[in-house]
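Topology and contacts: notes
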Amino acid sequence: SVMVVSCPCAIGLAYPRLNDRVVQRLREFGVYVRTHSMWNRMEKVRDVVFDKTGTLTLEVLEWENPEIMDRWSEADRMLLFMLVDRNLHPVGKSIRQEMLSRWPQWSTRRYDELPMEEHVGSGISMRWQGQDVYLGLRAGSGLEGNPRDTVFVRGNEELGIFRFKESVRIDARPAIERLNRAGYRVWVLSGDKKSKVEAMTRSLGLPDDHGLAEMGPDAKAAWIGREGFGPALMVGDGANGALAFERALCRATPVLGQGLLEGQADYYFLGRGIDGVCEVFELTRVRRSVLLQLFVLTLTYNAAAVSMALAGWMSPLIAAVLMPLSSIVTVSWASFSGRMRSRDSIRRS
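Every chain is numbered on its own, with residues counted from 1 as its sequence reads. Where local features are concerned, this predicted model is filtered to residues with pLDDT of at least 70; where side-chain atom pairs are given and counted, the filter is 80 or more; whole-chain, interface and lining totals use all residues. The side-chain quantities take in all heavy atoms of the structure and omit both hydrogens and water.

**Here we look at the pattern of salt bridges**
Criterion for a salt bridge: a side-chain nitrogen of Lys or Arg within 4 Å of a carboxyl oxygen of Asp or Glu. If you walk through the whole model with that rule in mind, you get 22 salt bridges. The closest approach of N and O atoms between Arg 185 and Asp 47, which form a salt bridge, is 2.7 Å. With Arg 185 in strand E10 (residues 185-189) and Asp 47 in strand E2 (residues 47-51), this pair connects stretches of sequence that are 138 residues apart. Relative accessible area decides the class of each residue, using a 1.4 Å probe on protein chains only: under 20% of the type maximum gives buried, over 50% gives exposed, and in between gives partly exposed. You can call Asp 47 buried: its relative accessible area is 0%. Between Arg 178 and Asp 275 there is a salt bridge, and its shortest N-O distance comes to 3.4 Å. Only DSSP runs of H or I reaching four residues or more are called helices, and only runs of E reaching two or more are called strands; each is numbered from the N terminus.

**Quick word on the pairing of strand E12 (residues 232-235)**
Burial along E12 is two-sided: the face carrying Ala 232 and Met 234 and the face carrying Leu 233 and Val 235 are both buried. Strand pairing is defined by DSSP finding a minimum of two bridges between the two strands. Pairing of E2 with E12 involves 4 bridges; the strand directions are parallel. Looking at E12, one finds that Asp 47 is bridged to Ala 232. Here E12 runs beside strand E13 (residues 250-254); their pairing, made up of 3 bridges, is parallel. By the bridge assignment, Leu 233 is partnered in E13 with Cys 250.

**A short note on the sheet that holds strand E5 (residues 123-128)**
To summarise the sheet geometry, strands pair through backbone hydrogen bonds and adopt either a parallel or an antiparallel arrangement. What the 5 strands build is an open sheet, ordered E4-E5-E6-E7-E8; its pairing is antiparallel. The open sheet has two edge strands, strand E4 (117-119) and strand E8 (157-161), and neither has a second partner. Ignoring strand direction, the axes of neighbouring strands in this sheet form an average angle of 15 degrees. Two strands pair when backbone bridges link them, and E4 and E5 are joined in this way by 3 bridges, in the antiparallel orientation. Note on E5: the bridge partner recorded for His 119 is Gly 123. Along the sheet, helix H5 (residues 74-84) makes contact with E5, strand E6 (131-137), strand E7 (150-154) and E8, crossing E5 at roughly 125 degrees. A fitted line through C-alpha atoms represents every axis, and for helices the fit uses only the stretch in contact; the resulting angles, taken between N-to-C directions, go from 0 to 180 degrees. Working rule for contacts: check all heavy atoms of both residues, and any pair within 4.5 Å makes them a contact.

None of this, on its own, says anything about what the molecule does.
Now the structure itself:
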């Protein structure tokens, strides 16, 4: 009787059902989970680190002086389009978007096989008809460079200096305040100048020392992996943060159009906001709470059923009723309890 009535099948059915419900709920917020092993790691996270450009700001910058192209030749405009056609940097995306709005017929052209050279943290270049063509930071600007230093160079001739304006994601400050209230420390990493990063951290309600400026890819990775720093969720989108992305305990990336890091991320989110990051933390807590409840239900059922069997009160009929009933109750709890709890907790926040 003990062997028949005590069965772990209920929790075996409820556990994957709970995961499915949480994943389904996150999709309603535009969040897509890639690695289901992330849940235990998410419970350990204490720090949330944002790579500024393309994460706290929108991935496509606003190009302020596109009229600079009007004085170029058709060949020079085509060279610029070659450089940005498959480039995933926010500057490249902004230029490509503007060029296609003027010359939509270029959308059918592809330059995948051109030998492009990516200079991480600096720019992109190629060799064309015996000349070097370069788009990126002006030589010598180093880590203090910012999108206003972007130059387009053919050979020895500087064809133009581009100016861009960043737009902060619409819900960045409310989302960061929500993370702070939940007890997480929020940090901003950037290769931009200190004054620019400090201005953003203040606008987001963060202390100045939580914004780290003038950091290259290696410096970001070293900072994430430094001794004494807590388990971190890294939210980034570009090559400049790829090394730090690998060092983080958990990884997330925004995706608008073509992304760069979603293949390495535990989850990615869509849209123009970052509130999906908060929902993942919220539903991680809900999942853990419901999972503990499921274990309590399972242990309670098995303790009661085994006690009845040992006392001689168990019959085949009672066993035939209790076993499927326990499975129905446990799976129903996993299906509906998590959903109701998540809605309540999100509404309270």
